[in-house]
Amino acid sequence: MTMTEFKKENDGSISIHQTDEENKKWHEEFYARQERKKKGFKESVKPQIMKILKDMKIDRVEIYYSGSGDDGSLEDATFYVGKNTINLTEKHIVDIGERKYWSHTDHTYKYTTDPMDLKDYIEEMAYDYLEAFHRGWEINEGQSGNIIFDVVKGTILHDYVSYVEHSEVEEI
């Protein structure tokens, strides 16, 4: 039988000890969930994004993001028709029926059927992309980059830099 053990340390803190079997199981389940997220994004979310943008006659969306120190955000979303940028209007509304969203006030997922602005929808999809394919982009030194939804090519291009702290000690 496997069991997680909680142990009170001499300094008053509590440490958690897992067996190798529990640790292995947790990691297997975690990576299986990540693979399901990637598959779901590729098979369902990406085609939905491309259809919505195509229906609105938008050729490309470029989003810049940056994250580090346990915080991250999308900095800018630019929408293109051909080579020209466009300003979104009240006509750029997305209604996909029921959808799940993160409530920042309750810190839980909730459901709604409310339509949303195209900019909000695209930003939510960019966050979903990062969660599925680059989990942890906002942790420690972080990552920054551009996500490009290219409707003409039917692709999502992700151009990014992952920051890694590196230190060495050298004695001569």
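Refer to the preceding data block for the structure.
Is there a simple way to explain unusual backbone geometry in this structure?
It is generally the case that most residues other than glycine have a negative phi and that most peptide bonds are trans. Despite not being glycine, lysine 57 shows a phi value in the positive range, around 60°. Here lysine 57 shows up in the loop between helix 1 (20–55) and strand 3 (60–68). The exposure class of lysine 57 is exposed, given its relative accessible area of 63%. Non-glycine residue asparagine 140 carries a positive phi angle of around 50°. If you trace the backbone, asparagine 140 turns up in the loop between helix 2 (118–133) and strand 10 (143–150).

So what exactly am I meant to see when it comes to the side chain of serine 103 here?
Position of serine 103 among the secondary structure elements: in strand 7 (residues 99–103). Among the polar contacts listed, one links the side chain of serine 103 to the side chain of threonine 105, at a separation of 3.2 Å. Side-chain polar atoms of serine 103 contact the backbone nitrogen of aspartate 106, separated by 3.2 Å. Ignoring anything within four residues of it in the chain, the contact list for serine 103 reads Thr108 and Lys110.

Got a minute to help me understand helix 1 in this structure?
Each α-helix turn comprises 3.6 residues. Residues three or four places apart therefore point the same way. Given a rise of 1.5 Å per residue, 36 residues ought to cover 52 Å, and the 51 Å separating the end C-alpha atoms of helix 1 matches this to within 8%. A bend of about 40° at phenylalanine 41 is the largest found in helix 1. For helix 1, the complete set of buried residues consists of Glu22, Phe30, Gln34, Phe41, Val45, Ile49, Met50, Ile52 and Leu53. Close packing links the buried residues of helix 1 with strand 3, strand 6 (93–94), helix 2, strand 10 and strand 11 (155–162). With its phi angle positive at about 60°, lysine 57 sits one or two positions after the end of helix 1.

Calculation notes
Residues numbered from 1 in each chain as written. Predicted model: local features only at pLDDT ≥ 70, side-chain atom pairs only at ≥ 80, totals over all residues. Heavy atoms only, no water. Helix = DSSP H or I, 4+ residues; strand = E, 2+ residues; numbered from the N terminus. Buried < 20%, exposed > 50% of the residue type's maximum accessible area, 1.4 Å probe, protein only. Polar contact = N/O pair within 3.5 Å; in protein donor to acceptor, adjacent residues only side chain to side chain. Contact = heavy atoms within 4.5 Å. Expected span 1.5 Å × (residues − 1). Bend = angle between axes of the 7 residues up to and from the residue.

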